[in-house]
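# Coordinates in review
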Amino acid sequence: MAVTTLRAEVTDLLSRLIQVDTTNPPGNETAAAELLRDYLEASGVECELYARVPERANLVARIRGRGDGPTLLFLGHTDVVLADANEWSVAPFSGEVRDGEIWGRGALDMKSQVAAEAVAVASLARDGFEPSGDLIFAATADEEVGDGFGLSWLCEEHPDAVRCDLAINEGAGERVQLGGGAYYICATAEKMTAPFRIHVRGRSGHASMPNIADNALVKAAPLIERIAAYRPTQQVQQEVEACLRIVLGEVPPADEVFARMHEVDATFAELLQALLSETFSPTIIGASQKRNVIPALCTVEVDCRLLPGQTPAEIEPVVRAVLGDDVDYELEFLEAKGGTRSALDTPLWDAVDAWVAEADPEARAVPMCCAGFTDSHWLREAFGTVAYGFFPSRTMPGEVSATLIHSADERIPVDDLELGLDWLRFAARTVLA
Ligand SMILES: [Zn+2]
């Protein structure tokens, strides 16, 4: 192979991956899967494409284990969200390398990690690496929309292709400075999204004569205010507990966590607060379609996130208590997703810890529950996989990358891409030694 360094190799592969437009919808991830297959096969890695429809293929590559060690999966999705070229300072599918950064849609979410995973597997294969258990790389379709062409479909229809004991996925990895310490965030759990709708009924009428009608929109108003005023009971779950122990050196009672963390870092305290309880955010309201018609029905949609372990059935009485009983309403829970966790005392955690100690001795790894969810829950649910979201970064501050994901001018420093590749090679060597 003509490429001289892994840094150059991963930069080139990411650049080429970005040039494959996999905007979802429609996705068209097959072109990305084929590019990765061609790249991996050149290093002698066994590859297979799995597709529910021809244009939306998933790639699974594998280095077979020599013994009965655990199976480790590198997971990544190849689809990206829409990019409006007018907002960008480069063409969003150019994959341009400029001033030490690779630009384009997917540079952070998450073709960077996909490219690093592919290069980790290819380079380990070229090194003659013989893992104790299988090392698998899955580059899947359709994460951003979730219409059943990607990992969920693989788990259901081709479980043997992706069954694994341990998995590394997206979700976290940023280095944060909190007070005097530096930490790398590793996502070991995810909240559940459990949205619900409140339907309030009234009686329509002409808006010029409000007294003859019963305005459903007005009746819904106090319910919205009650949701906003709700102060949930807080609890410290295992991820926050471990994080507090590392960052503060102790675990304060749940109702003191926010204030104590606020003294260390205000932004991080806000993040942690969302992990102490369920959250309710009313985001969509629908009522009359005409200004001169008083609505007979008002529907309020609420984004509701539960802690891992909480269920919609458990939270329903809480919601009803918040709404009170003086306004008639119907409550409808929509489809819930996510809300899974992996244990913290695992060989994969030890690998995260050991990598941080080696790569950045001043820093420590801390586990975290994500307020959003990723494809990790499919693996946890299907196989009981220990799945962590961890792709480390330290050159681009986390608060900068957070504003670029799903936004304009998405880009990644080559230094961070190389750091992530270093982690993945380390993880495979450590876990599958
Ligand atoms: Zn993503």
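These notes cover the structure that comes with them.

Definitions and cut-offs
- Residues numbered from 1 in each chain as written.
- Predicted model: local features only at pLDDT ≥ 70, side-chain atom pairs only at ≥ 80, totals over all residues.
- Heavy atoms only, no water.
- Phe/Tyr/Trp six-rings, centres within 6.5 Å; stacked < 30°, edge-to-face > 60°.
- Helix = DSSP H or I, 4+ residues; strand = E, 2+ residues; numbered from the N terminus.
- Buried < 20%, exposed > 50% of the residue type's maximum accessible area, 1.4 Å probe, protein only.
- Lys NZ or Arg CZ within 6 Å of the ring centre and 35° of its normal.
- Pairing = 2+ DSSP bridges.
- Contact = heavy atoms within 4.5 Å.
- Axes fitted to C-alpha atoms, helices over the stretch in contact; angles between N-to-C directions.
- Core = buried A, V, L, I, M, F, W, Y, C linked by side-chain atoms within 4.5 Å.
- Salt bridge = Lys/Arg side-chain N within 4 Å of Asp/Glu carboxyl O.
- Disulfide = S-S within 2.5 Å.
- Donors = N, O, S within 2.8 Å, 3.2 Å for Na, K, Ca; no water.
- Tetrahedral: all angles 85-135°; square planar, octahedral: opposite > 155°, others 65-115°.
- Parallel < 35°, antiparallel > 145°, perpendicular 65-115°, else oblique.
- Left-handed = near helix turned anticlockwise from the far one by under 90°.
- Nonpolar A, V, L, I, M, F, W, Y, C, P; charged D, E, K, R; others polar.

## Some thoughts on the packing of aromatic side chains
What the rule picks out here adds up to 8 aromatic pairs. Ring centres 5.8 Å apart and planes at 80° place the aromatic pair Tyr184 and Trp355 in the edge-to-face group. Linking Tyr184 in strand E9 (residues 181-190) with Trp355 in helix H11 (residues 347-359), this pair joins segments that are 171 residues apart in sequence. For the pair formed by Tyr184 and Trp355, the shared burial category is buried. Relative to Phe280, the ring of Phe196 has its centre 5.8 Å away and its plane inclined at 80°; by these criteria the two rings are edge-to-face. Of this pair, Phe196 sits in strand E11 (residues 196-201) while Phe280 sits in strand E13 (residues 279-286); the two residues are 84 residues apart in sequence, bridging distant segments of the chain. We note that Phe196, like Phe280, is buried. Directly above the ring of Trp103 sits Arg98, whose terminal nitrogen or CZ lies 5.2 Å from the centroid. Positioned above the aromatic ring of Trp103 is the side chain of Arg411, whose terminal nitrogen or guanidinium carbon lies 4.6 Å from the ring centre.

## Here we look at the sheet that holds strand E4 (residues 97-98)
Taken in spatial order, the 3 strands make up an open sheet running E4-E5-E20, and their pairing is antiparallel. Sheet topology places E4 and strand E20 (411-413) at the edges, where each strand pairs with a single neighbour. With 3 bridges joining them, strand E5 (residues 101-103) and E20 adopt antiparallel strand pairing. Looking at the pairing, Ile102 lines up with Ile412 of E20. Helix H14 (residues 414-431) rests against E5 and E20 of the sheet, and its axis sits at about 70° to E20.

## Concerning the nonpolar core
Leu36, Leu40, Leu72, Phe74, Leu135, Phe137 and Trp423 are the most contacted members of the largest nonpolar core, which totals 68 residues. The dominant element in this core, judged by the number of residues it contributes, is H14, at 10 residues. Discounting chain neighbours no more than four positions away, the residues touching Leu72 are Asp134, Leu135, Ile136, Leu166, Ala167, Ile168, Leu348, Ala427, Ala428 and Leu432.

## Some words on the pattern of salt bridges
Taken as a whole and judged by the stated rule, the model has 28 salt bridges. Its salt-bridge partner being Glu46, residue Arg64 comes within 2.8 Å of it at the nearest N-O pair. Taken together, the residues Arg64 in the loop between strand E2 (57-63) and strand E3 (72-77) and Glu46 in strand E1 (residues 46-51) connect sequence positions 18 residues apart. Where Asp127 meets Arg429, a salt bridge forms, and the shortest distance between an N and an O atom there is 3.4 Å. Of the two residues, Asp127 is situated in the loop between helix H3 (111-126) and strand E6 (135-140) and Arg429 in helix H14; the sequence distance between them amounts to 302 residues. Take Asp127: its relative accessible area is 47%, and that puts it in the partly exposed class. By relative accessible area, Arg429 is classed as partly exposed at 40%. Several salt bridges share partner residues, and in doing so they unite Glu46, Arg62, Arg64 and Asp134 into one network.

## Notes on the state of the cysteines
Considering all chains together, one arrives at 0 disulfides under this definition. No disulfide involves Cys186; its sulfur sits 9.3 Å from the nearest other cysteine sulfur, which is in Cys370. Looking at Cys186, the relative accessible area reads 0%, which means it is buried. Not engaged in a disulfide, the cysteine Cys370 finds its nearest cysteine sulfur in Cys369; these two sulfurs lie 6.9 Å apart. Judged by its relative accessible area of 16%, Cys370 is buried.

## Some thoughts on the coordination of the zinc ion
Six octahedral donors at a metal ideally form angles of 90 or 180 degrees, and four tetrahedral donors ideally form angles of 109.5 degrees. Here the zinc ion is held by His77 (NE2), Asp109 (OD), Glu170 (OE) and Glu170 (OE), and the distances to it run 1.9 to 2.7 Å. One can describe the donor arrangement at the zinc ion as irregular, given that its 4 donor atoms subtend angles of 51 to 151° at the metal. In the primary structure, the donors to the zinc ion are separated according to the pattern H-x31-D-x60-E. Of the two residues, His77 is situated in strand E3 and Glu170 in the loop between strand E7 (166-169) and strand E8 (175-178); the sequence distance between them amounts to 93 residues. Take Glu170: its relative accessible area is 12%, and that puts it in the buried class.

## Things to note about the packing of H3 against H14
Where H3 contacts H14, the two axes come as close as 9 Å, and the packing angle between them is 45°. When the interaxial angle is binned, H3 and H14 end up oblique. For the pair H3 and H14, the crossing hand works out as right-handed. Across the interface between the two elements, Ser112, Gln113, Ala116, Glu117, Val119, Ala120, Ser123 and Leu124 of H3 pack against Leu417, Leu421, Leu424, Arg425, Ala428 and Arg429 of H14. Taken together, the residues of the contact of H3 with H14 break down into 8 nonpolar, 3 polar and 3 charged.

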